[in-house]
Amino acid sequence: MHAQIVLFDGFDPLDAVAPYEVLVAGSDFVGGELEVEFVSAEGPRPVVSGSRGLTLEATARLDPAKPGFVIVPGAAGPVDGDPDEGVATIPVLLARFGDTAAVPMMREAFANPDITVATVCGGSLALAMAGLLDGRHANTHHLGVDVLDATGVFPVSARVVDDGDLVTAGGVTSGLDLALHLLDRSYGPRIALAVEELFAYERRGTVWTDTGRAPKASA
C-alpha cells in the first residue's frame with residue numbers, strides 16, 4: 001500500500017509534513033507495509049513551498065495506478081494582493097495547480113477503486129477549482145468555504161469529512177487528524193492510537209460521514 005503526498009510549487013509545508021510524519025509512524029507500527037513518499041506531477045525534483053522558500057524533495061512521479069492514498073496539501077502565501085502585480089496569493093497558487101499535469105493524474109486516481117484521494121486545508125480547493133469535486137462533500141480552510149461551494153461542492157463544517165474515496169480536512173493542522181483517520185480506516189484503531197500516543201496528540205473533532213440520522217431543525 002502506498003501513500004503519495006503530492007507536492008506542487010507554493011504548497012504549504014505543514015499540510016504535507018504533518019500527514020507524512022503520521023503515516024510514516026503508522027507504517028512503522030504495521031511493519032513497513034505502507035510506503036510513504038513525496039511525489040510531484042513532474043517526477044523527482046526539489047519543490048519550493050509557499051513558506052519563505054522552504055523546499056522539499058519529491059522522490060518520484062505521482063502514479064495513479066498505485067493502490068493506497070493520494071494526498072494533496074494546500075498552499076501557503078499571502079491571502080490578499082493583486083495578482084496583476086505579481087502577488088502569488090493562496091488562491092492564485094491553488095488555481096495554478098489546475099494548469100499542471102497533476103490534474104489528469106488526479107482524475108485517474110479518482111477512477112482507481114484502490115485509491116482514496118485525501119486533501120489537507122486548501123488542497124480540496126485546488127481539486128475543486130480544477131473541476132474534480134463536483135457533487136462531493138468536502139471541507140477546506142474556513143476562508144475558502146464560499147469558493148468550495150461555488151464550484152459545486154457540498155461544504156461540510158467538520159474537521160475531517162469522509163466521503164468514501166475522498167477524505168478532506170479543514171485547517172492547516174488538520175493533516176494530523178486526516179492521516180490518523182486514514183490509519184484508523186485502513187489498519188484499525190490500535191494503530192491510530194499507537195501513533196497518537198507516540199506523538200502525544202489526540203485527534204480533534206468528529207469525522208463526518210454521509211450516514212445516520214440528520215438533525216432536526218431547532219424550534
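Residues numbered from 1 in each chain as written. Predicted model: local features only at pLDDT ≥ 70, side-chain atom pairs only at ≥ 80, totals over all residues. Heavy atoms only, no water.

In the annotation of an unreviewed UniProt entry, the protein is listed under the name Glutamine amidotransferase and assigned to Mycobacterium lehmannii.

A.B. asks: Please set out the overall build of the protein residue by residue, giving values where relevant.
C.D. replies: When you go through the protein residue by residue, the secondary structure sums to 7 helices and 12 strands. Relative to the 2.2 N^0.38 estimate, which gives 17 Å for 219 residues, the radius of gyration of the protein is 17 Å and therefore close to what a compact globule would have. With the C-alpha coordinates aligned to their principal axes, the bounding extent of the protein is approximately 55 × 50 × 35 Å. Considering the protein as a whole, with its 219 residues, one finds that 51% of them fall into the buried category. In the protein, once contacts between residues fewer than 6 apart in sequence are set aside, the share between residues at least 24 apart is 61%. In the protein, 14 side chains carry a positive charge and 30 a negative one; their mean positions are 5 Å apart. (Helix = DSSP H or I, 4+ residues; strand = E, 2+ residues; numbered from the N terminus. Rg over C-alpha atoms; globule rule 2.2 N^0.38 Å. Buried < 20%, exposed > 50% of the residue type's maximum accessible area, 1.4 Å probe, protein only. Contact = heavy atoms within 4.5 Å. Lys, Arg positive; Asp, Glu negative; His and termini not counted. Charge placed at Lys NZ, Arg CZ, Asp CG, Glu CD.)

A.B. asks: Lay out the layout of surface pockets with the relevant residues and their values.
C.D. replies: One number sums up the size of the largest pocket: a volume of about 360 Å³. What lines the largest pocket is a set of 17 residues, among which Ile90, Leu125, His141, Leu143 and Gly144 lie closest to the centre. Counting residues per element, the ones that place at least two in the lining of the largest pocket are helix H2 (90-97) and helix H4 (123-129). Sort the elements by how many residues they give to the lining of the largest pocket and H2 lands first, with 3 residues. Looking at the lining of the largest pocket, its residues break down into 11 nonpolar, 4 polar and 2 charged. (1 Å grid on protein atoms, 1.4 Å probe; cavity = no way out; pocket = protein on both sides within 12 Å on 5 of 7 lines; lining within 4 Å. Points joined across faces, edges and corners; volume = space filled by probe spheres on them. Nonpolar A, V, L, I, M, F, W, Y, C, P; charged D, E, K, R; others polar.)

A.B. asks: Give a detailed account of the UniProt feature "domain: DJ-1/PfpI" (unreviewed entry) in the protein, specifying residues and quantitative values.
C.D. replies: UniProt's entry tags residues 101-184 with the feature "domain: DJ-1/PfpI" (unreviewed entry), counted in the numbering of this structure. Helix makes up 39% of residues 101-184 and strand 20%, whereas the separation of the span's terminal C-alpha atoms amounts to 31 Å. (UniProt positions renumbered as here; feature names shortened; annotations may be inferred.)

A.B. asks: I'd like a description of the pairing of strand S7 (residues 115-120), backed by residues and values.
C.D. replies: Burial analysis of S7 places 6 of its 6 residues in the buried class, the great majority of the element. Judged by which residues are buried, S7 turns out to be covered on both faces: Ile115, Val117 and Thr119 on one side and Thr116, Ala118 and Val120 on the other are all buried. Note: strand S6 (residues 68-72) against S7, 5 bridges, orientation parallel. Its bridge partner being in S7, Gly68 is matched across the sheet by Ile115. In this structure, S7 lies alongside strand S11 (residues 166-169), joined through 4 bridges in parallel fashion. Paired with Val117 across the strands is Leu166, a residue of S11. (Pairing = 2+ DSSP bridges.)

A.B. asks: Please give an account of the sheet that holds S6 that cites residues and values.
C.D. replies: One open sheet holds the 8 strands; their spatial order is S5-S2-S1-S6-S7-S11-S10-S12, and the pairing between them is mixed. The outermost strands of the open sheet, each flanked by one partner alone, are strand S5 (60-61) and strand S12 (207-209). Against the sheet, helix H6 (residues 175-187) touches S6, S7, strand S10 (160-162), S11 and S12, its axis set at about 160° to S7. (Axes fitted to C-alpha atoms, helices over the stretch in contact; angles between N-to-C directions.)

A.B. asks: Requested: an account of the packing of H6 against helix H7 (residues 189-199), with residues and values cited.
C.D. replies: Between H6 and H7, the shortest axis-to-axis distance is 7 Å and the interhelical angle comes to 150°. Between H6 and H7, the angle is such that the two are roughly antiparallel. Taken together, the residues of H7 that come into contact with H6 (itself represented by Leu180, Leu183, Asp184 and Tyr187) are Pro189, Ile191, Ala192, Val195 and Glu196. Its residues assigned to classes, the contact of H6 with H7 shows 7 nonpolar, no polar and 2 charged. (Parallel < 35°, antiparallel > 145°, perpendicular 65-115°, else oblique.)

A.B. asks: Account for H7, naming residues and giving values.
C.D. replies: Along H7, the residues that are buried comprise Ile191, Ala192, Val195 and Glu196. Seen end-on, H7 carries its buried residues on one side only, within an arc spanning 140°. For H7, the exposed residues set more than 90 degrees away from the buried face come down to Pro189, Arg190, Glu197 and Leu198. Contacts made by the buried residues of H7 are with helix H1 (13-29) and H6. Within two residues after H7, Ala200 carries a phi angle of roughly 50°, on the positive side. (Arc of directions from axis to C-beta.)

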